[in-house]
Amino acid sequence: MTYAERTSLAIPYAVSVASTLFTKIIDGEIPGTFVYRDEHCVAFMTISPITSGHSLVVPVKEIDQWTELPQSLNEHLFKIAQIIGDATKRAFNCERIALVIAGYEIPHCHLHVIPSDSMADLEFANARTNVDRKELEQAADRIIVELRRADIAGVVASPGAV
């Protein structure tokens, strides 16, 4: 059950007003720096990266926890996270790409794709705030270049394009 659906049980009119922050980004109500989009999911840069190149893979449909994902969507999100991860690894020349699913920040499933050279790179307490949009766009550009080199369908035209 999605966050909006759960909320609507308590507040009947909430479905129309309780969209998550990610839904607002996906729908273009709030700016996002996108690198990928298809009918099932998107990938965009997080505004609080713990390393440069940190992105999120998010289902279009609002589903709170990854354990609630239908099997086909679960498989698709992990496939796209792998594709974004491969491109990010090439773009940022890092040792590994970490994949983290925590879900405490926003009640909308999201997979953190994080360039990493050590475990120290995975401390969410070190997430940066107030990152300049230009910096996010530059990181997105690097990922987009690698996605295009791999001839991946769904790559956005430029950062922020939907």
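This section reports on the structure supplied with the text. (Residues numbered from 1 in each chain as written. Predicted model: local features only at pLDDT ≥ 70, side-chain atom pairs only at ≥ 80, totals over all residues. Heavy atoms only, no water.)

Before going further, it helps to spend a moment on the pairing of strand S1 (residues 34-37). The sheet contact formed by S1 and strand S2 (residues 41-45) spans three bridges and is antiparallel. Among the inter-strand pairings, Arg37 is bridged to a residue of S2, identified as Val42. Taken together, S1 and the strand that follows it, S2, pair antiparallel across an intervening segment of three residues. (Pairing = 2+ DSSP bridges. Helix = DSSP H or I, 4+ residues; strand = E, 2+ residues; numbered from the N terminus.)

Further remarks concern the nonpolar core. General note: in soluble globular proteins, nonpolar side chains tend to be found buried as a group. The biggest cluster of nonpolar side chains holds 37 residues, and the ones touching the most others in it are Val35, Phe44, Val57, Leu77 and Ile84. The element best represented in this core is helix H3 (residues 71-92), accounting for eight residues. The contacts of Leu77, once residues within four sequence positions are left out, are Cys41, Val57, Val58, Pro59, Leu69, Cys109 and Leu111. (Core = buried A, V, L, I, M, F, W, Y, C linked by side-chain atoms within 4.5 Å. Buried < 20%, exposed > 50% of the residue type's maximum accessible area, 1.4 Å probe, protein only. Contact = heavy atoms within 4.5 Å.)

Let us now look at the pattern of salt bridges. Counted by the stated rule, this structure contains four salt bridges. Across the pair Glu146 and Arg90 runs a salt bridge whose closest N-O atoms are separated by 3.1 Å. Taken together, the positions of Glu146 in helix H4 (residues 133-149) and Arg90 in helix H3 put the pair 56 residues apart, joining distant regions of the chain. The class for Glu146 is buried, based on a relative accessible area of 9%. We note a salt bridge from Arg133 to Glu137, for which the minimum N-O separation is 3.2 Å. Taken together, the residues Arg133 and Glu137, both in helix H4 and four residues apart, mark about one turn of the helix. Taking the relative accessible area as the measure of exposure, Arg133 reaches 35% and is therefore partly exposed. Exposure remark for Glu137: the relative accessible area of 23% places this residue in the partly exposed category. (Salt bridge = Lys/Arg side-chain N within 4 Å of Asp/Glu carboxyl O.)

What follows deals with H3. With 22 residues, H3 extends 31 Å between its outermost C-alpha atoms, agreeing within 8% with the 32 Å of an ideal straight helix rising 1.5 Å per residue. Every buried residue belonging to H3 is among Leu73, Asn74, His76, Leu77, Ile80, Ala81, Ile84, Gly85, Ala87, Thr88, Ala91 and Phe92, and all of these are buried. Tucked inside the fold, the buried residues of H3 contact S1, S2, strand S3 (55-59), strand S4 (96-100), strand S5 (111-116) and H4. Positive backbone phi, approximately 45°, marks Asn93, located one or two places after H3. (Expected span 1.5 Å × (residues − 1).)

Judged by pairing direction, the sheet is antiparallel, and its five strands sit side by side in the order S1-S2-S3-S5-S4 without closing on themselves. Strand pairing shows two members of the sheet lacking a second neighbour, S1 and S4, which therefore form its edges. Averaged over all adjacent pairs, the angle separating strand axes in this sheet is 20°, with direction ignored. (Axes fitted to C-alpha atoms, helices over the stretch in contact; angles between N-to-C directions.)

By secondary structure assignment, the location of Ser116 is in strand S5. In this structure, Ser116 is in contact with Cys94, Glu95, Arg96, Asp121 and Leu122, ignoring residues within four places of it in sequence.

So, on to the packing of aromatic side chains. Aromatic ring pairs are defined here through the distance separating the ring centres and the angle between the ring planes. If you walk through the whole model with that rule in mind, you get two aromatic pairs. Considering the side-chain rings of Phe22 and Phe44, the 5.6 Å spacing of their centres and the 65° angle between planes classify their relative orientation as edge-to-face. Taken together, the positions of Phe22 in helix H2 (residues 21-26) and Phe44 in strand S2 put the pair 22 residues apart, joining distant regions of the chain. Phe44 matches Phe22 in its accessibility class, with the two residues each being buried. Note on Phe34 and Phe44: the rings are 5.5 Å apart at their centroids and 65° apart in plane angle, and the pair reads as edge-to-face. Of this pair, Phe34 sits in strand S1 while Phe44 sits in strand S2; the two residues are ten residues apart in sequence, bridging distant segments of the chain. The cationic tip of Arg142 hangs over the ring face of Phe92; the distance from NZ or CZ to the ring centre is 4.0 Å. (Phe/Tyr/Trp six-rings, centres within 6.5 Å; stacked < 30°, edge-to-face > 60°. Lys NZ or Arg CZ within 6 Å of the ring centre and 35° of its normal.)

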